[in-house]
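What follows is the residue order along each chain.
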Amino acid sequence: MPRDTRILTEGEGLHGAARIQAMCAVALSVLLALLDYAIANVALPTIGADLHVSAASAVWIINSYQLASVVALLPSAALGARIGFGRLCQIGLVLFVVSSLFCGIAHSLLALSLARAVQGLGGACIMSVSIALIRFIYPHAIIGRGIALNGVMVALGVGAGPTVASIILSVATWPWLFFINIPLGLAALVLALMSLPRTPLQHGAFDGLSALLNALAFGALIMAGDSIAHHASAVQVCAFAITGIVAGWMLVQRQKGRAHPMFPIDMLQVPAFRTGVSIGFLAFVSSNLFMVSFPFTVQNLFHASPSVVGLMITPWPVGIMLVAPVISRLSDRVPATILSSVGLFTTSMGFLALYLLPDAPHWYDIVWRVGLAGMGFGIFQPPNNRIMMVTAPAGRSGSASGMVQVSRQCGQATGAMLVAMTFGLIAIRPSMRCLEFASIIAFLGMMLSASRLFSDRRGQA
């Protein structure tokens with residue numbers, strides 16, 4: 001089938017096989033970007049030993065990817081609006097494939113960390129425009145289906161990472177964690193070149209200074225939080241924090257009055273969009289409190305073997321996939337506020353049930369609780385993302401898509417930092433305390449989501 005070369009308008013959408021092919025390209029790209037973020041976690045001890053570096057130093061294999069990805073999200077979204085969302089996704093896939101090769105052949109921590117940073121940049125190019133592309137792939141009336149499928153890919157990438165890593169490491173060495181990306185990435189690239197739609201281009205030069213200020217603001221604040229979590233000196237923490245705050249203030253001042261600001265301060269003034277960003281942030285703080293700490297719970301408290309750890313997390317993405325077909329249809333019919341509130345409440349109760357596990361649980365005691373939390377997250381995420389995308393003004397899909405990913409990645413980074421702080425400050429069963437905190441934060445997100453019901457009623461009065 002020849003590719004449709006028309007420039008689509010938002011909400012027009014593709015149809016038939018063209019829509020299926022384009023969505024497959026986006027879904028596989030998103031899966032690759034997130035699977036590779038999660039897949040290296042399990043292999044950190046192995047990679048660190050092979051490269052002869054300490055565990056603390058090996059963490060930079062994860063941090064370099066995450067830091068590069070976070071600081072590049074909004075600049076990537078702005079660039080995508082100027083060169084085309086599909087083209088930026090294709091560039092991201094090229095960066096991802098090439099950097100995966102260099103990750104696999106790296107023989108030092110510095111070389112591997114630099115290659116992972118380029119991977120993070122490629123992942124940012126993909127993730128920053130993924131939901132924006134869905135806004136052009138799906139007609140407005142059924143956009144919830146595309147957003148739900150994207151949510152499944154996000155969950156599958158993050159949740160299945162430990163399981164996939166365990167399987168690969170059981171039959172091959174750690175470089176194959178990265179080599180496996182090459183054929184998959186090339187397949188995604190071919191699909192993207194063949195099927196992704198052409199989107200309207202935003203005119204005007206790319207704002208390099210704003211991109212630099214954005215990188216300084218997000219990067220320095222993340223490093224400040226990481227420094228606190230790892231008990232660094234007060235001088236170091238203050239230096240990062242002040243740098244981030246000053247750069248953030250300068251960024252906001254520079255964005256004021258611009259028609260298409262890189263940091264979308266105009267969209268954050270819209271209550272529905274701002275609340276959606278805040279709820280997404282809280283939800284991903286909660287989910288990463290669970291994802292990062294739970295392997296320690298399974299292995300240290302319940303004395304399961306390392307090979308079982310990935311299997312115990314698998315019900316999380318399975319739960320999300322089980323509810324996806326229903327939510328993909330309900331999110332275009334049932335008010336998103338109701339669905340997202342019910343979802344976060346269910347996730348909160350799932351984490352609470354995990355916190356209340358007996359000292360010697362059976363495997364099924366763990367599985368149904370993790371699955372319940374996953375189903376709740378699957379109910380929450382697509383409707384909340386839909387609110388953010390449909391409230392974005394016309395022509396601002398890139399900024400909205402970028403902020404969806406910023407809320408996710410900042411939430412994940414904050415959740416990981418809270419796990420590190422909890423393990424450093426609490427001596428008795430710290431992993432279980434993380435589950436308690438995860439339940440509380442998910443419940444707070446539910447309350448914030450439910451508050452939109454009252455604001456909607458006031459707006460109708």
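Residue numbering note: each chain is counted from 1, following its sequence as written. Totals for whole chains, interfaces and linings use all residues, but because this is a predicted model, local features are given only for residues with pLDDT of at least 70 and pairs of side-chain atoms are given and counted only at 80 or more. Hydrogens are left out, water is left out, and the side-chain values use all remaining heavy atoms of the structure.

- In the annotation of an unreviewed UniProt entry, the protein is listed under the name MFS transporter and assigned to Gluconacetobacter entanii.
- If you open the UniProt record of the protein and go to Subcellular location (unreviewed entry), you find "Membrane". UniProt positions are given in the numbering used here, feature names are shortened, and annotations may be inferred rather than shown by experiment.

### Some details on helix 16 (residues 363-390)
Next up, step 1: Here a helix means four or more residues in a row that DSSP labels H or I, a strand means two or more in a row labelled E, and each is numbered from the N terminus. To estimate how far a helix should extend, the number of its residues minus one is multiplied by 1.5 Å. The end-to-end C-alpha distance of helix 16 is 41 Å, a good match for the 40 Å that 28 residues give at a rise of 1.5 Å each.
Next up, step 2: We call a residue buried when its accessible area falls under 20% of the maximum for its residue type, exposed when it is over 50%, and partly exposed in between, using a 1.4 Å probe and counting protein chains only. Taken across its 28 residues, helix 16 has 21 buried, putting it largely inside the fold.

### Brief notes about the nonpolar core
Next up, step 1: Membership of the largest hydrophobic core comes to 124 residues, with the highest contact counts inside it found for Leu112, Phe290, Phe294 and Trp316.
Next up, step 2: Residue contacts for Phe290: discarding those within four places in its chain leaves Pro295, Trp316, Phe351, Leu354, Val370, Leu435 and Ala438. In plain words, nonpolar cores are sets of buried Ala, Val, Leu, Ile, Met, Phe, Trp, Tyr and Cys residues tied together by side-chain atoms within 4.5 Å. What makes two residues a contact is simply this: any of their non-hydrogen atoms within 4.5 Å.

### Details of the pattern of salt bridges
Next up, step 1: For salt bridges, the criterion is a side-chain nitrogen of Lys or Arg within 4 Å of an Asp or Glu carboxyl oxygen. Counting across every chain of the model gives two salt bridges.
Next up, step 2: With its nearest N and O atoms 3.0 Å apart, the salt bridge here joins Arg254 to Asp207. Here the residue Arg254 occupies a position in helix 10 (residues 234-255), and Asp207 occupies one in the loop between helix 8 (181-195) and helix 9 (208-229), the gap between them amounting to 47 residues.
Next up, step 3: A salt bridge links Glu436 to Arg433, with the nearest nitrogen and oxygen atoms 3.0 Å apart. With Glu436 and Arg433 both in helix 18 (residues 430-460) and three residues apart, this pair spans about one turn of that helix.

### Describing the confidence of the model for the protein
Should pLDDT be low for a region, the predicted coordinates there are not to be read in detail.
Next up, step 1: Per-residue confidence from the predictor is given as pLDDT, running between 0 and 100. With 92% of its residues at a pLDDT of 70 or more, the protein shows a mean pLDDT of 84.
Next up, step 2: Taking the mean pLDDT of every element in the protein, the minimum, 66, falls on helix 2 (residues 55-58) and the maximum, 94, on helix 4 (residues 85-105).

### Observations regarding the layout of surface pockets
Next up, step 1: The rule is simple: put a 1 Å grid over the protein atoms alone, call a set of points where a 1.4 Å probe fits but cannot get out a cavity, call an open set with protein on both sides within 12 Å along at least five of seven lines a pocket, and count a residue as lining if it has an atom within 4 Å of a point. Grid points are joined across faces, edges and corners, and a volume is the space filled by probe spheres set on the points. Roughly 450 Å³ of volume is contained in the second largest pocket.
Next up, step 2: Lining the second largest pocket are 22 residues, and of these Ala217, Phe218, Leu221, Val406 and Cys410 lie nearest its centre.
Next up, step 3: Listing elements by their share of the lining of the second largest pocket, those giving two or more residues are helix 9, helix 10, helix 12 (271-301) and helix 17 (397-425).
Next up, step 4: Residue contributions to the lining of the second largest pocket peak at seven residues, all from helix 17.

### Section: the state of the cysteines
Next up, step 1: Note on terminology: pairs of cysteine sulfur atoms within 2.5 Å are recorded as disulfides. Scanning the model with the defined rule gives zero disulfides in all.
Next up, step 2: Cys89 provides the cysteine sulfur closest to Cys125, a residue in no disulfide bond, and the two sulfurs are 9.0 Å apart.
Next up, step 3: On the accessibility criterion, Cys125 (5% relative accessible area) is buried.
Next up, step 4: The closest cysteine sulfur to the non-disulfide-bonded Cys434 is located on Cys410, 20 Å from its own sulfur.

### Notes on the packing of aromatic side chains
Next up, step 1: Centre distance within 6.5 Å is the pairing criterion for rings of Phe, Tyr and Trp, where only the six-membered ring of Trp is used; planes under 30 degrees apart are then read as stacked, over 60 as edge-to-face, and the remainder as tilted. Per the counting criterion, the structure on display carries eleven aromatic pairs.
Next up, step 2: The interplanar angle of 80 degrees and the centroid separation of 5.2 Å between the aromatic rings of Phe284 and Phe377 together place this pair among those described as edge-to-face. On the criterion of sequence distance, the pair formed by Phe284 in helix 12 and Phe377 in helix 16 is long-range, its members being 93 residues apart.
Next up, step 3: On the accessibility criterion, Phe284 (6% relative accessible area) is buried.
Next up, step 4: Residues Phe290 and Trp316 carry aromatic rings whose centres are separated by 5.3 Å and whose planes lie at 35 degrees to one another, so their mutual orientation is tilted. Within this pair, whereas Phe290 is found in helix 12, its partner Trp316 is found in helix 14 (residues 315-330), the two being separated by 26 residues in sequence.
Next up, step 5: Looking at Phe290, the relative accessible area reads 0%, which means it is buried.
Next up, step 6: Ring pairing ties together the aromatic residues Phe284, Phe290, Phe294, Trp316, Phe351, Phe377 and Phe380, which thus form one cluster.

### Here we look at helix 5 (residues 109-137)
For an α-helix, the turn length of 3.6 residues means that residues three or four places apart are oriented alike.
Next up, step 1: Spanning 29 residues, helix 5 covers 40 Å between terminal C-alpha atoms, matching the ideal 42 Å at 1.5 Å per step.
Next up, step 2: Burial analysis of helix 5 places 23 of its 29 residues in the buried class, the great majority of the element.

### Points about the packing of helix 16 against helix 17
Next up, step 1: Interhelical geometry of helix 16 versus helix 17 gives an angle of 150 degrees and a closest axis separation of 9 Å. The angle between helix 16 and helix 17 falls in the class roughly antiparallel. The element helix 16 and its partner helix 17 pack so that their crossing is right-handed. In this structure, helix 16 uses Asn385, Met388 and Met389 to contact helix 17, whose residues at the interface are Ser397, Ala400, Ser401, Met403 and Val404.
Next up, step 2: Under the convention adopted here, Pro, Cys and the residues Ala, Val, Leu, Ile, Met, Phe, Trp and Tyr are nonpolar, Asp, Glu, Lys and Arg are charged, and Gly plus all remaining residues are polar. Within the contact of helix 16 with helix 17, the residues separate by chemical class into five nonpolar, three polar and no charged. Lines fitted to C-alpha atoms define the axes here, with helix axes fitted over just the stretch in contact, and angles between the N-to-C directions of these axes take values from 0 to 180 degrees. Here roughly perpendicular refers to angles of 65 to 115 degrees, roughly parallel to angles under 35, roughly antiparallel to angles over 145, and oblique to all remaining angles. Crossings are sorted by hand: turned counterclockwise from the far helix by less than a right angle, the near helix makes the crossing left-handed, and turned clockwise it makes it right-handed.

### Describing the environment of Gln381
Next up, step 1: Topologically, Gln381 is positioned in helix 16.
Next up, step 2: Judged by relative accessible area, Gln381 falls into the buried class, the value being 6%.
Next up, step 3: Residues Gln381 and Ala336, spaced 45 residues apart in sequence, show a C-alpha to C-alpha distance of 9.7 Å.
Next up, step 4: When near neighbours in sequence (up to four residues on either side) are disregarded, Gln381 contacts Gly151, Val154 and Phe284.

### Things to note about unusual backbone geometry
Next up, step 1: One non-glycine residue, His52, lies in the positive phi region at around 60 degrees.
Next up, step 2: The class for His52 is exposed, based on a relative accessible area of 72%.
Next up, step 3: Phi at Arg429 takes a positive value of approximately 45 degrees, unusual for a residue other than glycine.
Next up, step 4: Position of Arg429 relative to the elements: it lies in the loop between helix 17 and helix 18.

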